[in-house]
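Here's the letter readout for the chains.
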Amino acid sequence: MPAPSPTPRSPLLAAAPVLGTMLAATLAAWLFEWLHVPLPWMLGPLMGTALLSILGAPVRSWLPARNAGQWLLGTTLGLYFTPVVCAALLELSWAIGLAVVWALLLGGLAGWVLLRTQKGRIAGLDWRTTYLAGCVGAASEMTLIAERAGARTDLVASAHSLRMLLVTIILPLAMLWGGFSGSAPVVEVPALPAGLWWMLALTLAGGAVLRQLRMTNPWFLGALFVAMGLAALEIAPSPLPRWLVNTAQLLIGISLGVRFTRAFLRMAPSWMATVALITLSMIALSAVFGGLLAWLSGQPVATMVLATSPGGIGEMAITAKVMGLGAPVVTAFQVCRLAVVLTMTLPILRLLERWVERPREQTA
């Protein structure tokens, strides 16, 4: 007798965790806004969703919603790149190059410390895993590279997720307590003007093209590059209304917060504690390096600290935008760093294989 087919779930029931998560995240954003916490529409959803997830609540992040947040964020940041801003960034190309080299060295150092402190404590841990866990890159892309390299993807993913959480929470609060908040323009647009509709369509198409090309962060970078082109040609319409920017932050905050579950916290406590300490050290060292670049370049210290921080593009760029701390500079530094790190990671791994594996073969 054939087994009875399972009863299909109703679409509303299947969507309930996603809708409930968005409602809880919105309430957390309003609470953080009322408390005057910096970046309330990102930190509120992030910390609120993470807390609910750790407590066992059925919080969910919907992938299309996260992609929409990346698309809106890329669009609003790209509009900063006017001809004047682009000319100023060209003069900072030397500083961007130094920041990229710094990120590669910092990631290598973090991987070496992880290997030295965790070798023998965790089964299956090797230098590939620790190197990729230490790289200052995007979590999803580093995890894919780890899979190709035969490294432990769970350890790499957990390291990057924890780093992103700590950097995203610590730096905005540090900027606020340090009195570094600037004067971010407040855009009050009650409805989307006609010009914004065609711009949103173009930036969405840009994201779709990069997705077809299988590039990293396609919805953010595709929208960013299209909006940058429109701004550089001085044909872009007015900026996005604030409620759309807040929506983008909320969706990104949710996507970060849902990663933190009870199982995540229980996984390899020694590994997670070491990653947390290394992340704090990376933040401090990058702040010193950013201060040095600020002194050499004449840029504000807070801007260069965000530009050289070991955080993600979207999180650091939106921090700079909302707090008025040089969003174009931060975005340019972070985009260039990510592009080089993702491009160079596999070649560096192959180079390290010659140094690590060949001596073993000779002594065998």
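Scroll up to find the structure this text is about.
Residues numbered from 1 in each chain as written. Predicted model: local features only at pLDDT ≥ 70, side-chain atom pairs only at ≥ 80, totals over all residues. Heavy atoms only, no water.

K.L.:
Sorry, what's going on with the overall build of the protein chain here?
P.N.:
Helix and strand counts for the protein chain stand at 16 helices and zero strands. Entry remark: accessible area of the protein chain is about 17500 Å², with carbon and sulfur atoms responsible for 69%. (Helix = DSSP H or I, 4+ residues; strand = E, 2+ residues; numbered from the N terminus. Areas by Shrake-Rupley, 256 points an atom, 1.4 Å probe, with all protein chains shown as cover.)

K.L.:
I tried to follow the nonpolar core on my own but got confused; where do I start?
P.N.:
The tendency in soluble globular proteins is for nonpolar side chains to be buried side by side. If you look at the biggest cluster of nonpolar residues, it comprises 94 residues, and the most contacted ones within it are Leu-132, Met-142, Phe-220, Leu-240, Trp-271, Leu-306 and Phe-333. Per element, the largest residue contribution to this core is 11 residues, and it comes from helix α8 (residues 153–177). Those residues in contact with Phe-220 that sit more than four places away from it in its chain are Gln-70, Leu-73, Gly-74, Leu-77, Ile-313, Gly-314 and Val-335. Residues Ala-29, Val-59, Ala-65 and Leu-250 belong to the second largest nonpolar core, which totals nine residues. (Core = buried A, V, L, I, M, F, W, Y, C linked by side-chain atoms within 4.5 Å. Buried < 20%, exposed > 50% of the residue type's maximum accessible area, 1.4 Å probe, protein only. Contact = heavy atoms within 4.5 Å.)

K.L.:
How should I be thinking about the pattern of salt bridges in this particular structure?
P.N.:
Two side chains of opposite charge can pair, provided their charged atoms sit close to one another. Following the criterion strictly, the structure yields two salt bridges and no others. Here Asp-126 makes a salt bridge to Arg-128, at a shortest N to O gap of 3.8 Å. For Asp-126, a relative accessible area of 17% translates into the label buried. Using a relative accessible area of 16% as the deciding quantity, one classes Arg-128 as buried. A salt bridge links Arg-152 to Asp-154, with the nearest nitrogen and oxygen atoms 2.7 Å apart. (Salt bridge = Lys/Arg side-chain N within 4 Å of Asp/Glu carboxyl O.)

K.L.:
Even after reading the chapter, I still don't get the packing of aromatic side chains, so can you show me in this structure?
P.N.:
The geometry of an aromatic ring pair is captured by the separation of the ring centres together with the interplanar angle, meaning the angle of the planes. Counted by the stated rule, this structure contains one aromatic pair. Ring centres 4.6 Å apart and planes at 5 degrees place the aromatic pair Trp-102 and Phe-289 in the stacked group. Residue Trp-102 is located in helix α5 (residues 93–118), and its partner Phe-289 is located in helix α13 (residues 269–297); the two are separated by 187 residues in the primary sequence. Owing to a relative accessible area of 21%, Trp-102 belongs among the partly exposed residues under this scheme. (Phe/Tyr/Trp six-rings, centres within 6.5 Å; stacked < 30°, edge-to-face > 60°.)

K.L.:
Mind showing me how you'd approach the layout of surface pockets here?
P.N.:
In this approach the atoms are scanned with a rolling probe the size of a water molecule, which exposes any empty space left behind. In this model, the largest pocket occupies a volume close to 570 Å³. Taken together, 28 residues make up the lining of the largest pocket; nearest its centre are Arg-66, Gln-70, Ser-140, Glu-141 and Asn-217. Secondary-structure elements contributing two or more residues to the lining of the largest pocket are α3 (63–78), α7 (139–149), α10 (218–232), α11 (242–257), α15 (313–323) and α16 (327–363). Counting residues per element, the lining of the largest pocket draws most heavily on α3, at four residues. Lining the second largest pocket are 18 residues, with Glu-141, Arg-214, Met-215, Thr-216 and Leu-342 sitting closest to its centre. Elements with a minimum of two residues in the lining of the second largest pocket: α7, α10 and α16. (1 Å grid on protein atoms, 1.4 Å probe; cavity = no way out; pocket = protein on both sides within 12 Å on 5 of 7 lines; lining within 4 Å. Points joined across faces, edges and corners; volume = space filled by probe spheres on them.)

K.L.:
Just to check I follow, could you spell out empty space enclosed by the protein for this structure?
P.N.:
The final tally for this structure, using the stated rule, is four cavities of 30 Å³ or more. Within this model, the largest cavity holds a volume of roughly 70 Å³. In terms of lining, the largest cavity is formed by Ala-110, Leu-114, Ala-133, Gly-134, Cys-135, Ala-159, Arg-163, Val-275, Ile-278, Thr-279 and Met-282. Looking at the lining of the largest cavity, the element that brings in the most residues is α13, giving four residues. Tallied by class, the residues present in the lining of the largest cavity amount to eight nonpolar, two polar and one charged. Lining the second largest cavity we find Ala-99, Trp-102, Ala-103, Leu-106, Val-136, Ser-286, Ala-307, Thr-308, Ser-309, Pro-310 and Arg-337. At the level of secondary structure, the elements contributing two or more residues to the lining of the second largest cavity comprise α5 and α14 (301–308). Counting residues per element, the lining of the second largest cavity draws most heavily on α5, which supplies four residues. (Nonpolar A, V, L, I, M, F, W, Y, C, P; charged D, E, K, R; others polar.)

In short, geometric facts, not functional conclusions.
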